[in-house]
Amino acid sequence: MKIYNKIVVISTVICMLSLFGCEKLLEQTPRSSITPAFLATEAGVQGGITGVYQNLRSLWGSENYFYALQVGTDEVITGGSISANGLSLSTYANFVSNNTVYNDVFGTLFRNAYQDINTLNGVLQFGQTAFTDADVQKQYLAQAKFLRALLYFELVRTFGDVPLHTAFITSPSLSDSRAPISDVYALIIKDLTEASTELQTKSGEPITSTNISPFAGYAATRATALFLLSKVYLTRGWSIAAQISDFNNALTTAKNLINSASTYGKGLYSSYDQSYSEASDISNKEILFAVEHNADPKYGEYSLAAATPVNFNGWAFFFRPNYPTIVANYPTNSGPQLVTRDLANGRPFQRIRPNADWVETQLFADKTNDYRYWNTFQTTWIANKAETTPRGTLTIGADTALWTPPYDPGDVKRAAFKGVIFMRPSLATAATGTNKNPYTPTMYPSVKKFDNPGRPAINDASLRPLVLMRFSELYLIAAEAAFKLNDFSTEATMLSVLRKRAAVRPANVPPAPAGAVAQMEITPAQASAGGIDLILDERSRELFGESVRWYDLVRTQSLVRRVKALNPQALPNIQDFMILRPIPQAQIDLVTVGPKFPQNTGF
Amino acid sequence: MYVKITAHRCMFSSCANVRLWRVMKSVFFFVLIGCLQVSASSLAQISLNKTNASLRETLNDIRKQSGYSLLADADLLKLGRLVTIHLNNVPVTQALDEALVGQPFSYQINGRTIVIYAKDKGVTEQVVRKLDRVTGKVIDEKGEPIIGATVRVKSDPKIATVTDINGAFSMDVPDNVILLVSFLGYETHEVITRGSTTLNISLKPVSKDLNEVVVVGYGTQRKRDVTGAVTSVSAETLQQVPAQTNVVNQLQGRVAGLDISTTGNAPGSTSQIRLRGERSFATSNSAADATNAPLFVLDGVPFINGSLNDINPNDILSVEVLKDASATAIYGSRASGGVILITTKRGKNGPTIVNLNTTTGITNAIGSYSFMNAEQYIAFKQESIAGNSQTPNTTSYPITVAEQNGINNGTNTDWVSTILRPGYITDNQLRLSGGTENTQFSISTGYRDEKGIQYVQHYKRGNLLFSLDQTISKVFKVGLTSNNSLSNRDNIGDRLATASTISPLLSPYNSDGSINVRPAVGTLGELTTINPLTLRSSAIQAITRRLNTNNVLYGEANIYAGLKYRVNASLAYNQSQANSYNPVNNIVNTNTTQDQSNASISNTENYVWLLENILTYDKTFADKHHLIFTGLFSAEKSHTQGSGMNAIGIPADYLKSYNLFHGVSNSITNANFPYSERGLVSYMARAFYGFNDKYLLTATVRRDGSSVLGPGNQYFTYPAFALGWNVDRENFAKSLPWMNSLKLRLGYGVTADQNINPYQILGNLSAVAYNFGTNHQNGYLVTALPNADLRFEHTNNINLGIDFGVLNNRISGSVDVYTQKTFDVLQVLSLPLSNGASTTLVNAGNSKGKGMEITLSSRNLERDFKWNTDFNISFQRSEITELHDGLQQDIGNGWFVGQPFNVIYDYKKTGIWQTDEATEAAVYGARPGWIKVEDLNDDKKIDANDRQLLGSYQPDYITGMTNRFSFKGFDLTAVAFARMGQMVSVNYLNQADGFFNIGRMNQYNLDYWTPTNPTNGWPRPDAGRSPLYASTLQYQNGSFIKMRTISLGYNFPKSILKDGVVKSLKITAVVNNPFTIYAPLVRKGLAFDPESNGYGGQDSGASGFSGNALGRALTIGTYIPQTRVWSIGINAGF
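What you see is a predicted model, and the numbers here were worked out from it, not measured in a lab. (Residues numbered from 1 in each chain as written. Chains lettered and ligands numbered in written order. Predicted model: local features only at pLDDT ≥ 70, side-chain atom pairs only at ≥ 80, totals over all residues. Heavy atoms only, no water.)

*Asks:* Would you mind going over the interface of chain A and chain B in detail, with residue names and values included?
*Replies:* The interface is formed by 109 residues belonging to chain A together with 103 residues belonging to chain B. When the two sides are added together, the surface that chain A and chain B hide from each other amounts to roughly 8,400 Å², 61% of it contributed by carbon and sulfur. Of all residues in chain A, Leu25(A), Leu26(A) and Gln28(A) give up the largest surface area on contact with chain B, accounting jointly for 9% of the area buried on that side. Viewed at the interface, chain B and chain A are joined by one salt bridge. Residue Asp589(A) pairs with Arg947(B) through a salt bridge whose shortest N-O separation is 3.6 Å. Going through the elements one at a time, helix H1 (2-20), helix H2 (22-25), helix H3 (42-56), helix H5 (84-91), helix H6 (99-130), strand S2 (287-291) and helix H23 (585-590) of chain A are the ones with two or more residues in the side of chain A that touches chain B. Here the side of chain A that touches chain B gets 11 residues from one element, more than from any other, and that element is H6(A). Looking at the side of chain A that touches chain B residue by residue, the classes come out as 49 nonpolar, 46 polar and 14 charged. (Contact = heavy atoms within 4.5 Å. Buried area = accessible area lost by both parts, 1.4 Å probe. Salt bridge = Lys/Arg side-chain N within 4 Å of Asp/Glu carboxyl O. Helix = DSSP H or I, 4+ residues; strand = E, 2+ residues; numbered from the N terminus. Nonpolar A, V, L, I, M, F, W, Y, C, P; charged D, E, K, R; others polar.)

*Asks:* Describe the nonpolar core, naming the residues involved and giving the relevant values.
*Replies:* Taken as a class, soluble globular proteins show a tendency for nonpolar side chains to be buried jointly. Residue and element names in this part refer to chain A. Counting residues in hydrophobic clusters, the biggest one holds 155 residues, and the most contacted among them are Tyr53, Trp60, Phe146, Leu147, Leu155, Ile188 and Phe289. The greatest single-element share of this core, amounting to 15 residues, is contributed by helix H7 (residues 134-159). Once residues within four sequence positions are removed from consideration, Phe146 is found in contact with Leu192, Ala195, Leu199, Ala220, Thr224, Ala225, Leu228, Phe289 and Met469. (Core = buried A, V, L, I, M, F, W, Y, C linked by side-chain atoms within 4.5 Å. Buried < 20%, exposed > 50% of the residue type's maximum accessible area, 1.4 Å probe, protein only.)

*Asks:* I'd like a rundown of the confidence of the model for chain B, residues and numbers included.
*Replies:* Residue and element names in this part refer to chain B. Taken residue by residue, chain B gives an average pLDDT of 86. The fraction at 70 or more is 93%. Considering only residues more than four positions removed or in separate chains, one finds that residues 1-42, a stretch of pLDDT under 50, has 92 contacts. Residue range residues 122-129 is modelled with pLDDT below 50. Its contacts to residues more than four positions away, or to other chains, number 14 contacts. With pTM at 0.82, the complex prediction returns an ipTM value of 0.94. (pLDDT = per-residue confidence, 0-100.)

*Asks:* Quick one: what's the story with the sheet that holds strand S7 (residues 132-139) of chain B, residue by residue and with numbers?
*Replies:* Residues and elements named next belong to chain B. Reading across the sheet, the three strands line up as S10-S7-S13 and stay open at both edges, with mixed pairing between neighbours. The open sheet is flanked by strand S10 (168-173) and strand S13 (197-202), the only strands paired with a single partner. The sheet shows a mean angle of 25° between the axes of neighbouring strands, taken without regard to direction. Bridging between S7 and S13 involves six bridges; their strand directions are parallel. When the bridges of S13 are listed, Thr135 appears paired with Thr198. (Pairing = 2+ DSSP bridges. Axes fitted to C-alpha atoms, helices over the stretch in contact; angles between N-to-C directions.)

*Asks:* For the pattern of salt bridges, give the residues involved together with the corresponding values.
*Replies:* Residue and element names in this part refer to chain A. A full pass over the atoms with the stated rule returns 74 salt bridges over all chains. Of the charged contacts, one joins Glu538 and Arg499 as a salt bridge, the two residues approaching to 2.7 Å between their closest N and O atoms. Taken as a pair, Glu538 in helix H20 (residues 524-543) and Arg499 in helix H18 (residues 488-502) lie far apart in primary sequence, 39 residues in all.

*Asks:* Hey, could you go over the pairing of strand S35 (residues 715-726) of chain B for me, with residue numbers and the actual values?
*Replies:* Residue and element names in this part refer to chain B. Side chains Phe716, Tyr718, Ala720, Ala722, Gly724 and Asn726 of S35 all project onto a buried face; the interleaved residues Tyr715, Thr717, Pro719, Phe721, Leu723 and Trp725 project onto a face where none is buried. As paired elements, strand S34 (residues 695-706) and S35 share 11 bridges and run antiparallel to each other. If you follow Thr700 over to S35, its bridge partner there is Ala720.

*Asks:* Explain helix H4 (residues 92-99) of chain B to me, and be specific about the residues and the numbers.
*Replies:* Residue and element names in this part refer to chain B. The complete set of buried residues in H4 reads Val92, Ala95, Leu96 and Ala99. An end-on view of H4 places all buried positions within 95° of arc, on one side of the element. On its buried face, H4 sits against strand S2 (46-53), helix H2 (55-66), strand S4 (83-90), strand S5 (105-110) and strand S6 (113-118). (Arc of directions from axis to C-beta.)

*Asks:* Kindly report on the sheet that holds strand S20 (residues 301-302) of chain B, identifying the contributing residues and their values.
*Replies:* All names here are of chain B. The strand order across the open sheet built from five strands is S16-S21-S22-S19-S20, with neighbouring strands paired in mixed fashion. The open sheet has two edge strands, strand S16 (230-234) and S20, and neither has a second partner. In terms of strand pairing, strand S19 (residues 295-298) meets S20 through two bridges, oriented antiparallel. Bridge pairing links Val297 to Pro302 in S20.

Written out as C-alpha cells, the structure is:
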C-alpha cells in the first residue's frame, strides 16, 4: 500500500502546484525586446533620436532615393544598368500610374519619414518628463526638432501638401488627410528656429552638467539648423506659401552663418578638392550634416562585400562605368580586359552617367580656370594589368589604359595612345583617324568625388559620410536669395567666393594659369544678366551629382524648362505637373476610412 | 447464443454502382473494372431447387431471396439434416416450413428477421461434454501467425490463453463451448469446440467499419460512438508511402480535407499543412502557418515548438485527424486549425517481438529546369540587342571575351548540374516490444541518413522511443513515454538560382583542368559570380544540430467502478545549435582574402511543460445507457530563448565556426536573441451519452486562459455539441441487408485562436544602431503600435456527416459537409504609411469556409487476387466576409471581401503587342514585342484602376487515391494525389529580379517574341529595359495529378522461413515520385514539376500587395527539385 499512497500524494501535490501557478502563467514580461513605454526614459529618448539618425541611411545612399533626388534632371542621363524605377524617373516615360515607382521610391520616403516623425513626436512628448537635467533635455529635444524639420522639409518639397502629425500616435488611424504646405513650413521653421538656439554649438560638445554628448561626428549643430533654416526660407520664398520676408530671411540667415562660421568650427577650405578628400572625412569643416557609415557591423551596418548591402552609401557605385569590360581590341570583342576591378576604381553599377553633351560643352565650358571639372570627374583609368593593345603594351601603374577626355586629343595623339579612348558621341563621330570610340551606356566619364579607396573590399559600398549639407552651398543659397531680392551685388559676391576657390588646384597637378582666380570673379552685371540659370549652372558645377539637383530645379521652377532644353532622354515625356512627386499608391490604398487620400494632379 | 449470419459469398457477376465509378473516373485516371455483388432485395417470393443441400445453405438462400435477416446458431444448424427441396415462387413461410420438415428446429418471424431456434433443449445439451484439450493456431489474412491473440471461453472468460510466437495456443476447455479469439485490429472470431481438436483460426482484420477504437483526445472511443468528424489513418496506410523523413509526406493526399503542399525539397524540409483550408487571413506566411496549421498532439500531449521531423514515422501506430469543432473543441484555443493526434506504438502483453526494418534507396532530381543552352543564350543576347528600346542596337551586357572563347570552343555548360549529385537514403529501425499482464514495454530505435541531391544538403537523425506501462494494482497504473531524437541537418540553402543564371558559354574548368573560380570575367558580376563547383568544398559548414526530447509520465487510478483519475506530466525540450562557416573564394562567400571569411553560431532552446489532470467516468446503466464523462484541468508553459554570434576573418578554414574568438572581428545581431514565454490554463468537460448504441450525444465545454492577450480578454469559453445516430441499429435497417453500417452525425462547436507572438499587446520598438563619428549608440524606432484590447479569434463550425458501410462492407466511407465562420480575426493591420508605425495587431474581420469531403474505401476483388481502393476528395472554399472598418478591399494585405485569402491581383496580360498594332501600342507607351495588358476601363492608360482579380491560390479540390493489389505473397500499392484548379506563381517566368530580357543573365528558355516569331507568349528581349508588366507572366494554372509512390512488396511464405530465426520477412521495392500524370504547367514546358517548392518570391507587379502578402502564396521558383527515390526495404520479424 505504501507505493499507492506515495502516488496519491505526489499526484495531489502536482495538481495543487498546477493550480497555484495559474495566474502567474498568464503574465507577460518581455525580456529581449523593447516596448514603446521605454521611450519615456532618458535612454529611450536618446535611443529614439539615434534610431532616426540610423533610419536616414535607408533613404540617403539607397538606389531608389538616389534616383528620386538625382535623375530626370539636366545633369545626368541613364547608364547601362539603370533599374526600371530609375528608367521611369530618368526619362519620365512609363512614370504616370507606375505603382512600382510610386511605392518603391516614394513609398520608401513616405514610410520612413513618417516612422521617424512619429518616433520623434514620441521623443518630444515623453522627453518633457524623462530628464532630470534641463540642459540635457534641451539639447536632446533640439535634435528631435531638427530631425523632424529635416524630414518634413523632405516631404513637403517632394509631395506638396502632406499629413502633418505633431503628436505621438498611440492608437492607429486608418484615415488621414493632407495639410497645406503653409502649415508644414510653419512647423519646420518653428522647429528649426528653436533648434538653432538649443542645439550644441559644435558636434560632440560636452553638455556642461554631464560632460558628455553622444551627438558627435556629423550630427546636427546650431550651424546645421541655421543652414537648413536658410534653405527652407529660400524654398518657401519660391513656393505658393511664400511670405514676403522669406528671401530676406534666407539671405540673412545664410550670411550670418557664413560670418560666424568660426563659432561653429566650420568654414570653407581653400581649395575645392580638399573638401571632398577622403582624408578630410574625420573632421571636415565644410560638412554641416552627413549620414554616417563606418566598418562596424553593428553601428555602421557594414556588411562585407554584400551583393545587396543594407542601408549602404551607394553614391560611389552609381556613376561607375563598366570599365572592366573594355578589352584590348575594343571595339571588337577580343583580347584581355585592360583594367580589372580594384579598390581605386570600384564596383561598376553604371546606373547613371553625366549628360556629356551639356556637361562637357556648356556647363564646364571653362575647364582651364575652373578646375572643378577635373576635381569632379574621373577621365582616366590607369592600367593595373600589363596588357597589349594594337597600339602597344601598357605599363602597370603608369600608363592610362582607358581615357575619356572631354575633348578630341587629335588624330596623332589618339593613334599613339596605347590605351582605349572614348569621347562623347558627337566628337567621336566627327573625328578622323583611329582610337575614337563613343561613350556608351557602359563606358563614360565617372564621378569621382565620392570615391573611397580606403574601404576594406573592392565590392564594398563607401564607408565615407554621405554629405547632405555643405558649407559651400550657403553661398549659393545666399546668392539665390539675393538674386530674388534683386541684390545682384551680393549675388555676385557670394558666387565669386566659390568661383575663385574653384580656380585653386590640388597640389599634385600643374598650377593654374596666371590670373585664373581673377578670371573666375563674377560681376553684378553678369549676375543680373545671367538670371536664375547662372545660379543653377554654378550649383551644378559646385555640387555635381550630390543629390540636390532635382530639388534645385524644382525650387527654382526651372525643372521642365531646363530638362526639355538639355536632356534629350526626358524631353518627350516630361510634363508640367511633374514638379511634384506622386503620393505612393500604398498610402492611398491604406487610407481606408474617411475621405480618400488624394493623389497629386496628373498622377 | 444466436449469431447473425452475415457471411455470404460474392458472386462477382455484375458491375454495380456504375455512377460511383464514373465519378471517380472523371476525377482520376484509373479505370476501375471492379465487379461487385448486388444484393437485390426482392419481394419475398422464394424459389428453391436443391438436392441434398445443407440446412445452412438452404436457409441462407431463403434469407437472400427474401431480403430478411436471419438469426440462427451456426453451429446448431450443423446438426440439421440435408435438405432436398423444389419450390417455385412460394411465400417465405412456406419455404421455411418445407426446409425445416423433420429438422430439430422451428422458426419465428419478427418484423423482417427470421429467428431459427431449437425445438427442445435436448438438442443443445447434445453438444455439451467435459474438458477437452484444444490446440490451434491463429493466423491473419495473409496466413502469418498472430502473436499474442487472446483465446478465451465465451461463457467463462476466466478460461483463457494467448497465442505464442508461432501463433499457437493450447488449452483445456469443456466440450462444445464457444471460443472467442480476439486480437487488436482484427474482428473477434467465434468458434465452437467439439472434443479434443486442433483448430486453425484465421482472423480477419477489422474492416473500416464502425467497430474500430479511435483516439479522440483525452481518451479513446469506439468509432461507432464517435460523433465528430474524425479520420483515422493506420500505420499500414502511412507505410504505403515508406521511408519518409516525417509523417507529413505520408499524409499528403491521404485524408480528405487535409491539404499538404511542399515548400522545399532539401532533406528535412517540412510542408504547409492545412486542414479544411484557412480561417485566419494572416498577414505573412509565418503568421498564416501559426494560426491556420493544425495542432499536433503526440501521445496525448500538445506538440508545441516541436518539429515533425522529431517524430520517427516508423514509430507511429495511428494518426487521427479531428476535423470539425465538435471533435476539436476539447483542444479549445489552439484547435481552430483542426487537430492531428499522433499515437506511437506501445508494448502489448505477449512474447517479446523484435522487428527490423531497413530501407536503402537512391535519389535523383525528378527533372531539370529548362534553362537556355549556349545556342539559345547567344540567340537571346543577339535578340536583346536588336530589341533594345532605349539605345537601339546596343547592350550593356555584351558577349565577353571569355564567352566569345566559349563560343569558339563550343562550350555549353549546364551550371545547375555542377551543384547536383545523386543522393541516397538509408533508414534502419529496430523495435522490441512485449510485456506481461502487468508490464508492457516498447523500445524503438532508428537511424536515418538522407543525402540531398545538392551539395551541402544532408540530413541525419537518430531516434529512441521508449514506453513503459506498469499496472501496480487493480487501482493504480503508471507509465512513461520518452521520445528522443538527435538530428544533424546540413543545409546551405538552395543554390540553384545562382548557378542557373551563369552564362552557359563559360567553362567551369580552366584549360589546365583546375576550377575556374570566377568564370564571369568581364561582366558586372565578375567578382560576385563564383563557380558553383566551389559548393563542393568541404570547408563549408551549414549545420543545425537539434536535440529533441518529449517525455510524458502518467499515473492512473481507478478510483471506483468506471471512475478514473489520470495525471499527465509532460516535459518537452529541444535545442538547436546552428554552426555556419563560409570560406572565401566560394559561391557562399565571394570575397577573396581569408580575413573576409565569416562564421556564425547560434543557439535556440525551447521547453514546454504541461500538467493535465483528467477525471473520467465511464458507465453503462441498464445495458442501454452509456455515459462517459471527462473532466480536465491543465496548465502549460512554453519558453523560447536564444543567442548567437558572428565572426569575420577566421584565419584557417579548418577552424570553421568552432571558436569565433579566432575571428578578426565579432558581432552579434538582434535577431539572434529571441525570448518569449507563453502560458495557457485550461478547464474542460466532456459528456457523452449513448442510448442503446443508437442515439449518441456529446457535449463539450472548454475554457482557456492565454497569456498573450490583453487583460480582461485572456479567457474564452468554447461550447460544442454533437449528435450521432447509428441508423444501422434500427430495426427497419435490418431489412436492408446490403447496408452493413450507417451513421449520421451532426456537430456544432466553437474553437479559437490565440496563436500570435507574445508581447504584441505591448507594441514594439525595433532596435537599431548608429555611429555618430566614432561614437557608437543604440537606437530605437517605433514600428508596431500596442493594442491592449486583443482578444480571442474564434470559429463556429457546423458539420453534418454520414459514415456508411455497404455490400458486406465492400464499400465503406464517409461524407462530411461543413461550414465554418470565423470572427474577430487576429490580424496584423497595415496602417497608412503616414501613421508612423507600419502595423498594429487587431481583432478585425470575419471569414467563412465551407466544404465537402468524401472518403471511400472499396474492396474491389477479394479472392486470391485482391484489390482495394482508398479514395478521398475534398472541396473547400474559404472567403473573407468582412474586413476591418467595413472595407471591401485591403490591397496592401491582398484581401478582398468575397474572395479567398490568397488571390492574384494585377493587370491582365492579353498577349504581346504585334507589329501591326504599333500605333495602338504607342498610346500605352508600348512597342511591338512588349506585353499587352487589358485596359479595363478603356481610358487609354494603364493605371491602378486596371488591376483586376486574376485568380486564387485556393484549389478547386484536392484528391488522393491509393490502390492496393495483392496476390499470394505479392502486393503492389500505388498512391496518387492531386490538387486541382489553383493558380500558382512561377517566379522564374517573369524573373522578378529584373533581369528578364535585358539579356544580362541566363534564364528559363521561353518562346519569346521576335519580329519573325510573333507569339503572344513572352515579350521581346530588350537590352534597354526589363519589360513593363513582367509580373503578368508569372501567373499560371497550378493543377496537377501526381503519382506519389508505387511500391511492390513480397512476403516470404512461412514455408520458406520454417524453423528459422526469422519469423516473417518482407521485401519491398519502392519508387517515390515516379511520374506526373497531369499538369498543364508541365505540358506547356514551363516547369518539370507542378508542385510548389517555396513561399513567395513573386513579383508584386501592380498589385500593391506588401511583401508579406506576396510571401503567403505557394510558388514555384528555381529551387532544388523534388527527388525521385528508388528504394528497397526489408522488414524482418524475429
